[in-house]
Amino acid sequence: MGTKTARRATMTVAEKIKELTRNHLKNDGVALGQCLTAVGWVGGTVPDMTEEEGLIELSMADVAAGGFAVGLALAGRRPIYIVRYQGFQQFNSIIPLSYAAKSNNIWDVSCPIFIRSIGMDGGIGPVASGSHHSIFTRMPGIKVFAPMTPGEYQRGWDRFMEDDTPYCASEHRRSFSIDYEMPNRIHPQADITLYPISSTRLNALEAAATLESEGIVCNIVHLLWLKPFFVSETILSALSGSRHGGLVLDGDFENGVAKCLAYDIMQQSDKNVRVLALEERSAGFAPHLDNLPPTPQKICEYVRKLVQQTR
Amino acid sequence: MRSKDYGLLPGLTAKCSREDTLAMFSKVCFSRFFEFKVKEAAEKKLIKCPIYLSLGQESISSALAVAFPNPAIFGQHRCHDLYLAYGGDPTALRDELLHRPTGCTSGMGGSASIHSPAIKMFGHDGFMGTQVPIAIGYAFGAGQRTLAVMGDASAEEDYVLAALGLASTKKAPVLFVCADNNLSILTEKKVRRNWHMAEVASAFKLRAVEITDDPWLIMHQTRILSQELPAFMNIHTARAVWHAGTGCDGPPEWDRFSLIKEEVARLGLQREAEDIEIETQDKISLLWAQKLPGEQP
Ligand SMILES: Cc1ncc(C[n+]2csc(CCOP(=O)(O)OP(=O)(O)O)c2C)c(N)n1
Ligand SMILES: [Mg+2]
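These figures come from a predicted structure and were not determined experimentally.

A.B. asks: Can you walk me through the confidence of the model for chain B in this structure?
C.D. replies: Should the pLDDT be low somewhere, the predicted coordinates at that spot are not to be read in detail. All names here are of chain B. Scored by pLDDT, chain B has a mean of 96; 98% of the residues are at 70 or more. Within chain B, strand β4 (residues 174–180) carries the highest mean pLDDT (99), whereas helix α1 (residues 12–15) carries the lowest (95). For this predicted complex, the interface confidence comes out at an ipTM of 0.97, alongside a pTM of 0.97.

A.B. asks: Explanation requested: helix α10 (residues 215–225) of chain B in the structure shown.
C.D. replies: Residues spaced three or four apart along an α-helix face the same direction, because each turn holds 3.6 residues. Of all the 11 residues making up α10(B), 8 are buried; the element is thus mostly covered by neighbouring parts of the structure. Within the sequence span of α10(B), burial applies to P215(B), W216(B), L217(B), I218(B), M219(B), Q221(B), T222(B) and L225(B).

A.B. asks: Is there a simple way to explain the nonpolar core in this structure?
C.D. replies: Looking at soluble globular proteins, one finds that nonpolar side chains tend to be buried together. Core analysis: the largest hydrophobic core is formed by 81 residues, its most contacted members being L74(A), Y81(A), Y195(A), I136(B), F176(B) and F232(B). Here this core takes 9 residues from helix α3 (residues 62–74) of chain A, the largest share from any one element. Not counting the four nearest positions on each side in its chain, F176(B) is found in contact with V132(B), I136(B), A148(B), M150(B), L164(B), A167(B), L206(B), P230(B), A231(B), F232(B) and M233(B).

A.B. asks: Looking at this model, I keep getting lost on the site of ligand 1. Mind explaining?
C.D. replies: All names here are of chain B. Neighbouring ligand 1 are 18 residues; H77, R78, A153, S154 and N181 lie closest to it. Residue D152 places a side-chain N or O atom 3.0 Å away from an oxygen atom belonging to ligand 1. Residues of the shell around ligand 1, tallied by class, amount to 6 nonpolar, 8 polar and 4 charged.

A.B. asks: Is there a simple way to think about the coordination of the magnesium ion (ligand 2) in this case?
C.D. replies: Angles at a metal have ideal values that depend on geometry: 109.5 degrees with four tetrahedral donors, 90 or 180 degrees with six octahedral donors. Residue and element names in this part refer to chain B. Around the magnesium ion (ligand 2), the protein contributes the donor atoms D152 (OD), N181 (OD1) and L183 (O), which lie 2.1 to 2.2 Å from the metal centre. As a motif over one chain, the donors of the magnesium ion (ligand 2) read D-x28-N-x1-L. Taken as a pair, D152 in the loop between β3 (146–151) and α7 (158–170) and N181 in the loop between β4 and β5 (183–184) lie far apart in primary sequence, 29 residues in all. Its relative accessible area of 1% is what places D152 among the buried residues. Residue N181 is classed as buried on the basis of its relative accessible area of 7%.

A.B. asks: It is not clear to me how the packing of helix α3 (residues 58–67) of chain B against α10(B) should be interpreted in this structure. Could you clarify?
C.D. replies: Each pair of packed helices gets described by two things: the angle between the helix axes and the distance between those axes. All names here are of chain B. Contact pair α3 / α10: the axes reach a minimum separation of 8 Å and the direction vectors enclose 40°. Between α3 and α10, the angle falls in the class oblique. By crossing handedness, the relation of α3 to α10 is classed as right-handed. Residues S59, I60, A63, L64, V66 and A67 of α3 touch α10, and the partners they reach there are P215, I218, M219, T222 and R223. When the residues that make up the contact of α3 with α10 are grouped by side-chain class, the tally is 8 nonpolar, 2 polar and 1 charged.

A.B. asks: It is not clear to me how α7(B) should be interpreted in this structure. Could you clarify?
C.D. replies: Residues and elements named next belong to chain B. The terminal C-alpha atoms of α7, which comprises 13 residues, lie 18 Å apart, in line with the 18 Å expected from a rise of 1.5 Å per residue. In terms of residue burial, α7 counts as a mostly covered element, since 10 of its 13 residues are buried. K171, located one to two residues past α7, shows a positive phi value of around 50°.

Rules used in this analysis
Once a new chain begins, its residue numbering starts again from 1 and follows that chain's sequence as written. All chains are assigned letters beginning with A, and all ligands numbers beginning with 1, in the order in which they are written. Given that this is a predicted model, residues contribute local features only at a pLDDT of at least 70 and side-chain atom pairs are listed and counted only at 80 or more, while totals for whole chains, interfaces and linings are drawn from all residues. Note that water and hydrogens are dropped before the side-chain values are worked out from all heavy atoms of the structure. Within a predicted model, pLDDT stands for the predictor's per-residue confidence, ranging from 0 to 100. Secondary structure elements are taken from DSSP: a helix is a run of H or I of four residues or more, a strand is a run of E of two residues or more, and numbering for both begins at the N terminus. Burial classification: accessible surface area is computed with a 1.4 Å probe over protein chains only, and a residue below 20% of its type maximum counts as buried, one above 50% as exposed, and the rest as partly exposed. For the purposes of this section, nonpolar cores are sets of buried Ala, Val, Leu, Ile, Met, Phe, Trp, Tyr and Cys residues that join through side-chain atoms within 4.5 Å. Contacts were defined at the residue level, with two residues in contact if any of their heavy atoms lie within 4.5 Å. Being near a molecule or strand, for a residue, comes down to having at least one heavy atom within 4 Å of it. Any pair of nitrogen or oxygen atoms within 3.5 Å is treated as a polar contact; in protein, a donor-acceptor pairing is required on top of that, and neighbouring residues in sequence qualify only through side-chain atoms on both sides. Classes in brief: Ala, Val, Leu, Ile, Met, Phe, Trp, Tyr, Cys and Pro nonpolar; Asp, Glu, Lys and Arg charged; the others, Gly included, polar. Atoms of type N, O and S within 2.8 Å of a metal are treated as its donors, and for Na, K and Ca the window is 3.2 Å; water is not considered, so some sites may appear to be missing partners. Each axis is a line fitted through C-alpha atoms, and for a helix only the stretch in contact is used; angles between axes span 0 to 180 degrees, taken between their N-to-C directions. Each angle gets one of four labels, with under 35 degrees taken as roughly parallel, over 145 as roughly antiparallel, 65 to 115 as roughly perpendicular, and the rest as oblique. The sense of a crossing depends on the near helix, which, turned anticlockwise from the far helix by less than a right angle, makes the crossing left-handed and, turned clockwise, makes it right-handed. The span expected for a helix works out to 1.5 Å for each residue beyond the first.

Pasting the structure below:
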């Protein structure tokens, strides 16, 4: 059973990332990316350090830089490769996926690169909006997690440092100011279990509060690890106690990793698990043409309809 | 521009030490005779994966191995010669090509993705040109002199060009070598582009030369350029067989092996060279003896 209240941590996610990065650079690690040392130091996540100290400014060569980062990983420097917008990672991910993800498998050579890729909800058009972690999850050999709290970030980082494979941290701008932990919320008898990913976790919490006031009880099981995805006892027990099944929520397109996770959960249960995520269309710049991760309102509408249909 | 004599400097071979000439010649023979055996094994259908033979191009890696020792090595698909010239275990390469678990990449690499931690040679992922930015990151991160070999087509990859800029800005200690056989599979360079890699590299402020695959010239230029890395060499060479497999469309544009032998004879080293040829033939025959049916050790 999860605790009801969010536990406070001592620092925000942004501060946590900055602290981990600073310590890493002091221990022979490197961090690299574009325009790191200007415009807010990537949301306050990058320490004020120099290239001599391991903070490497890149040119705009988005594909080549991914290769450069892979080379740093082969050299044992455990690079933190910072991708300012997940939409751009279509270019940045090419060589990490073609090489680093396969390195252990083909050559038995470890290539531990830590990709920090930052998602946004919307308001910035068809490229930079949204999360795009599914680009990474489709490739064997890389681990992907979507941390939203300082504790989750620390745990993911610790795992990376003990591991010899590439990791992608699918970050989200909305997490940077979060200074608390988000435990699961599980009721003995619920109407539905929400399985939110990344920023949709905040929306799910809001939606659940609204629905609860209407008498619809929602479990919330936060999904941190997207790959490898382990269908835990918590995931299954919450689902088995839910009358109307489950709903995976994501800020990436609905035909991405969200459907894979829903499938994996369904394989181990007799309940339906549905998906609500970015619609299958390009976002536009005009607010009415945006393509946002499921908002609290949208989640509420979806759940109400589901509950009514299957009641 | 492209020719068997491009960039040749008079009197170079005479200035080269006897040891270097013979070491280089020995490596050329080793790669070449090894590749003939691979060809034979492929023709006998013992090899079930695509193979990329270095035949005709082996003077490049042989000269590099003499003049640029102990680098970290990043090559691409056509790399048997690179592996062998730098001292990669030939038995492990043979086994790799025969799909055995004792292969240098346990059967995962085939012909195109071989590697060897013992000689700091990293495998290639099959995406032409990725080895170039990766080599730069490695050189920068490890502070290690690094060799990045590409083909004339791979050099055209957008990320290779951008990476040269990165190498220049970051002063990564990489020697870039473009083995320019004028072909992307079967498409000639003039069909694909109207510019030259050495000029592009110069524009990125790398020291760059455009030369033919005469091994003495390569050794000479390598020694000069490697004093101040990063630097770039575009080397004209003539592939003797098809892009993949063992087929052949007639004699190559030039036969560097014969040219090398003529030069070695002019240097008064004909007897030594003949001994090396015979010894190497024997070694390679022995290496493949149990694997090629009907072969006499
Ligand atoms: C990124 C990428 N694009 C295309 C190919 C297909 N391809 C394989 S080898 C090759 C030609 C390579 O030519 P070059 O780099 O000159 O090397 P060479 O084969 O002549 O030694 C091509 C186009 C590939 N493997 N990877
Ligand atoms: Mg070529």
